[in-house]
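# Remarks on the overall topology
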Amino acid sequence: MADQQVFPTKGNLILSKKALQLAALGYELLDRKRSILIRELMELVDKAGELRGSIEDTYIGAYAALQRANITMGVIMPYASSVPIEKGLSLSSKSVMGVELPTVELEDRQTEVTYGFSQTNSQLDIAFLEFEKVKKITTELAEVENSIYRLSVAIRKTQRRANALQNIIIPRNERIVKFISDSLEEKDREEFSRMKVIKAQKLKKQRA
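Presented here is a report on the structure given in the accompanying data block. Just so we're clear, the structure is a prediction, and the values are computed from it rather than from any experiment. (Residues numbered from 1 in each chain as written. Predicted model: local features only at pLDDT ≥ 70, side-chain atom pairs only at ≥ 80, totals over all residues. Heavy atoms only, no water.)

## Some thoughts on the packing of aromatic side chains
- A complete count under the given rule lists 2 aromatic pairs for this structure.
- Judged by centre distance (6.0 Å) and plane angle (15 degrees), the ring pair of tyrosine 59 and tyrosine 63 falls under stacked. You can see tyrosine 59 and its partner tyrosine 63 sitting in helix H1 (residues 10-73), 4 residues apart, about one turn around the helix.
- Overall, tyrosine 59 belongs to the partly exposed group, its relative accessible area being 30%.
- Each ring, one from tyrosine 63 and one from phenylalanine 131, has its centre 5.3 Å from the other, and the planes form 90 degrees; the classification is edge-to-face. Of this pair, tyrosine 63 sits in helix H1 while phenylalanine 131 sits in helix H3 (residues 122-207); the two residues are 68 residues apart in sequence, bridging distant segments of the chain.
- On the basis of relative accessible area, tyrosine 63 is assigned to the partly exposed category, the value being 47%.
- Through a chain of ring-to-ring contacts, three or more aromatic side chains come together here, namely Tyr59, Tyr63 and Phe131. (Phe/Tyr/Trp six-rings, centres within 6.5 Å; stacked < 30°, edge-to-face > 60°. Helix = DSSP H or I, 4+ residues; strand = E, 2+ residues; numbered from the N terminus. Buried < 20%, exposed > 50% of the residue type's maximum accessible area, 1.4 Å probe, protein only.)

If you want it as structure tokens, here you go:
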């Protein structure tokens with residue numbers, strides 16, 4: 001066996017026991033990390049479900065309001081073009097057990113209507129406000145779904161490492177420790193038997 005190529009000495013036994021302890025500690029830490037990441041993932045999955053339902057309803061309301069504005073006003077493209085491109089997004093990150101999760105923030109500012117009121121009506125105002133809601137929920141959902149993806153990848157990696165420790169490295173180190181311990185015990189027994197023989201021979205000579 002490959003495990004038995006380790007020379008059975010007390011020094012190697014100490015090193016092997018330390019390696020076994022480190023592997024067991026590593027597995028314990030990885031198992032704890034996996035549990036925390038899974039708990040974080042489950043919370044985000046629930047949040048994502050709520051946000052998807054909310055964003056679907058908001059989109060439906062926004063497009064319904066937009067349709068009513070089109071019907072009552074005709075073409076609203078010139079007014080839509082006056083709405084500025086959103087530049088208030090900021091991206092940072094937070095660490096959960098070493099996993100970098102994105103934090104997407106939309107600048108919280110007072111809503112400003114950028115079109116005139118003389119040739120528009122309340123339906124366009126409603127559509128504008130509804131799409132503002134869509135923007136905010138989309139920002140939240142983007143953060144949550146990206147975090148879910150990163151957590152899923154991290155959990156798979158952690159699971160693979162934990163499995164490698166549990167199923168390969170720890171059992172291998174256990175076999176090595178047992179092999180060295182058994183070899184040293186056998187060596188001690190042989191040495192004890194040899195010393196008994198020597199002692200018996202000395203006694204025999206003394207009596208003779």
